[in-house]
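Examining the three-dimensional arrangement
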Amino acid sequence: MTDRHSTTSPRRSRPPPPWWKIHLFRGMIHDVRRRAPFYWSDWLDAWDYRVVPATVYMYFANILPALAFSLDMFTKTNMQYGVNEVLLASVLGSVVFSIIACQPLVIVGVTGPITVFNYTIYDIITPLGTNYLAFMCWIGLWAVLLHWILAVTNSCNWLRYVTRFPCDTFGFYVAFIYLQKGIQVLERFGYEAPFYLSLSVALLVFAIAYICGELGKAALFRHPVRVFLKDYGTPLTVIFFTGFIHLGRMKSVELERLPTTRPFFPTADRPWLVELWDISVGEVFLALPFAILLTILFWFDHNVSSLIAQGTEFPLRKPAGFHWDIFLLGLTTGVAGILGLPFPNGLIPQAPFHTESLCVTKVEVDADENDREAKGHYTYKRTHVVEQRVSNLAQGLLTLGTATGPLLVVLHLIPQAVLAGLFFIMGYQALEANGITQKLLFLLRDRALTPANHPLNRVRRRAAVWAFVAIEIVGFGATFAITQTIAAVGFPVFIFALIPVRALLLPRLFAPGELGILDAPTASPFTMESVGGAYGTGVDDDVDSDSHCSKSSPRPRQDGSASSGVVVGETMAASVKSEERLAEEGRQGIAEKPDLGTGSHRLSRRELGSRLSAEEVKQS
């Protein structure tokens with residue numbers, strides 16, 4: 001024992017400091033130091049053909065849901081929020097996070113959960129005679145302070161406990177919010193001709209957008225055609241059906257359209273600067289509990305968006321920075337409150353869609369002579385991601401251009417039924433990629449037709465898979481149920497509670513090997529360096545410390561679909577990674593692409609940016 005420890009460096013053998021000793025600003029400083037060497041390359045690397053389709057795709061993927069949410073808030077807050085406010089909130093988030101954030105791939109805008117939050121507060125506050133926008137402004141100002149406290153005290157280190165379990169549950173909730181919003185849009189039309197036409201249009205929008213997405217993954221047509229259908233199928237569907245309703249007898253049916261106002265003016269008759277002084281002192285402090293709930297929601301929602309956008313399935317090579325971005329999120333929340341805008345934060349599923357659209361892939365044909373069924377089949381392998389800041393900034397500037405007069409006229413032509421169909425396709429896409437859905441499909445599938453190498457087949461107790469999925473559905477059900485009541489403003493607490501449930505409760509109900517298969521870290525060890533490593537991995541441990549934990553702490557590795565959260569457990573001792581292998585996912589394919597400009601010069605900057613060890617971050 002003495003000999004073994006004598007070979008260990010004094011810094012690594014020193015026990016970690018008590019949890020109450022916090023090194024203020026350490027996480028933010030480390031984030032900036034790690035990311036700063038890559039700042040100029042974030043702009044230069046945008047010289048890639050994938051940036052243009054990614055920009056156009058994210059412009060439509062961001063603006064179309066934003067328009068749908070603006071309609072929801074316009075109706076439920078008595079026109080306090082409208083198209084102009086939602087568009088400018090999206091512009092604010094995209095400009096700030098594309099230019100000075102440590103994670104520029106994350107798309108920031110108005111989300112479904114914040115829409116529920118906003119109109120629930122309206123229902124609570126308005127009967128009291130309180131100035132709604134002034135109250136929301138003070139919620140934003142309190143949230144600035146709370147976000148900055150969380151950033152300064154390195155609270156994002158707790159992200160190491162955020163695995164696929166809470167992410168999948170929250171993503172499941174967001175998907176059903178989309179589906180519910182689509183139904184609510186159609187409910188407003190009654191049961192006359194406008195309703196039936198709107199229902200038909202919504203279902204057709206969903207069907208055609210779905211077909212375009214499936215063709216993008218099919219073997220039909222040539223690769224450029226499939227990519228075009230995948231990237232532009234949904235926006236072209238929206239454009240087509242905006243004009244389709246004017247054909248034949250349909251033009252005699254009056255459909256509800258998206259309400260718009262004057263360009264660059266608030267929807268309500270007010271100045272842009274909210275009269276935050278038009279509120280009593282008691283109401284100022286009444287805003288604090290709501291600000292706490294908002295901060296809980298944003299801490300989880302934005303960080304989960306960041307984690308999923310930098311998930312294990314994406315071969316990233318540039319470091320993350322969660323602490324710094326939470327600081328920026330507080331800044332944008334305060335500015336949005338002062339201007340009377342909805343609070344922007346990280347978007348699900350748009351954030352991972354952005355990363356996916358920037359992936360460069362190659363076709364790999366399975367030529368295994370021993371497997372007749374697999375021979376001739378092909379798969380797409382991601383070689384690298386075009387990590388840059390231009391696409392996020394450009395889609396934000398395009399959104400700003402949409403707020404001009406001529407384009408607002410065009411937006412006013414969009415039928416609300418088209419927005420309902422858009423909600424349906426977004427909800428379906430979010431459900432399709434969700435880990436809960438993947439596990440349910442496995443459980444409902446004929447065992448005789450289930451591939452023998454399916455990762456979940458490694459779970460000996462099938463009841464364990466049912467139990468794990470049941471817990472996820474209970475978490476989703478509790479969160480979704482509370483949003484249907486006046487207490488909906490408290491739903492962030494239910495979402496946040498999923499983290500201790502995973503860390504404290506599930507290890508008591510499942511064996512370590514079962515959890516290693518049913519759950520997984522959301523992002524790769526390379527991405528999690530910013531927060532000191534992922535839960536159950538310990539990227540900064542040496543061989544000796546790993547040997548202590550190898551018997552009781554399984555270390556998951558990716559095996560199968562990362563989006564489904566299915567991994568295969570292995571002991572920590574068998575998966576010790578050196579610093580050079582922390583970015584294994586991001587390094588794959590770089591050597592295969594010598595023309596990417598990612599040679600020794602780029603790797604030297606990677607080494608400079610990641611010189612700060614994850615252990616130092618852990619101690620904070």
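One can find the structure itself at the top, above this paragraph.
Read on for a plain summary of the structure.

So, how was this worked out
- Residues numbered from 1 in each chain as written.
- Predicted model: local features only at pLDDT ≥ 70, side-chain atom pairs only at ≥ 80, totals over all residues.
- Heavy atoms only, no water.
- Salt bridge = Lys/Arg side-chain N within 4 Å of Asp/Glu carboxyl O.
- Helix = DSSP H or I, 4+ residues; strand = E, 2+ residues; numbered from the N terminus.
- Buried < 20%, exposed > 50% of the residue type's maximum accessible area, 1.4 Å probe, protein only.
- Core = buried A, V, L, I, M, F, W, Y, C linked by side-chain atoms within 4.5 Å.
- Contact = heavy atoms within 4.5 Å.
- 1 Å grid on protein atoms, 1.4 Å probe; cavity = no way out; pocket = protein on both sides within 12 Å on 5 of 7 lines; lining within 4 Å.
- Points joined across faces, edges and corners; volume = space filled by probe spheres on them.
- Nonpolar A, V, L, I, M, F, W, Y, C, P; charged D, E, K, R; others polar.
- Patch = residues over 30% accessible without salt bridge, like charges linked within 9 Å, V, L, I, M, F, W, Y side chains within 5 Å.
- Areas by Shrake-Rupley, 256 points an atom, 1.4 Å probe, with all protein chains shown as cover.
- Phe/Tyr/Trp six-rings, centres within 6.5 Å; stacked < 30°, edge-to-face > 60°.
- Lys NZ or Arg CZ within 6 Å of the ring centre and 35° of its normal.

Here we take up the pattern of salt bridges. Applying the stated rule across the entire model yields 15 salt bridges. Measuring nitrogen to oxygen at the nearest pair gives 3.2 Å for the salt bridge that ties R34 to D31. Of this pair, R34 and D31 are both found in helix α3 (residues 26-35), three residues apart, which corresponds to roughly one turn of the helix. Side by side, R34 and D31 carry an identical accessibility label, which is buried. Beyond isolated ion pairs, a larger network of salt bridges with shared partners links R35, D42, D45, R317, K318 and R389.

In the Ramachandran plot, N78 falls in the positive-phi region, its phi being about 55 degrees despite a non-glycine side chain. Structurally, N78 is set in the loop between α5 (51-76) and α6 (83-100). The class of N78 is partly exposed, set by a relative accessible area of 47%. Unusually for a residue other than glycine, N154 sits at a positive phi of about 60 degrees.

Looking now at the nonpolar core. The biggest cluster of nonpolar side chains holds 134 residues, and the ones touching the most others in it are L67, I121 and I139. With 14 residues, the single largest contributor to this core is helix α12 (residues 281-309). If sequence neighbours within four positions are ignored, I139 has contacts with I121, A287, F290, A291, L294 and F343. In this structure, A54, L105, C359 and V386 belong to the second largest nonpolar core, which totals 11 residues.

This next bit is on empty space enclosed by the protein. Tallied over the entire structure, the rule returns three cavities of 30 Å³ or more. In this structure, the largest cavity encloses a volume near 60 Å³. In terms of lining residues, the largest cavity is bounded by R35, C102, Q103, P104, L105, V106, Q310, L316 and E387. A class-by-class count of the residues in the lining of the largest cavity yields five nonpolar, two polar and two charged. If you add up the space inside the second largest cavity, you get close to 50 Å³. Surrounding the second largest cavity, T111, G112, P113, V174, Y178, D301, G346, L347 and I348 form its lining.

To continue, consider a nonpolar patch on the surface. A contiguous nonpolar patch, built from I22, L24, F25 and I29 and spanning about 370 Å² of accessible area, is present on the exposed surface. In this structure, I29 sits in helix α3.

What follows deals with the packing of aromatic side chains. Evaluated as defined, the whole model comprises 32 aromatic pairs. Note on F206 and Y428: the rings are 6.0 Å apart at their centroids and 85 degrees apart in plane angle, and the pair reads as edge-to-face. Of this pair, F206 sits in helix α10 (residues 193-217) while Y428 sits in helix α17 (residues 416-432); the two residues are 222 residues apart in sequence, bridging distant segments of the chain. Classification of F206 by relative accessible area gives partly exposed; the value is 25%. A ring pair is formed by W324 and F327, whose centres lie 5.5 Å apart and whose planes are at 25 degrees; its orientation type is stacked. In this pair, W324 and F327 both sit in helix α13 (residues 322-339), three residues apart, roughly one turn of the helix. A connected cluster of aromatic rings, assembled from ring pairs, spans F170, Y173, F300 and F491. Above the plane of the ring of Y119 lies K76, whose end atom (NZ or CZ) is 4.3 Å from the centre.

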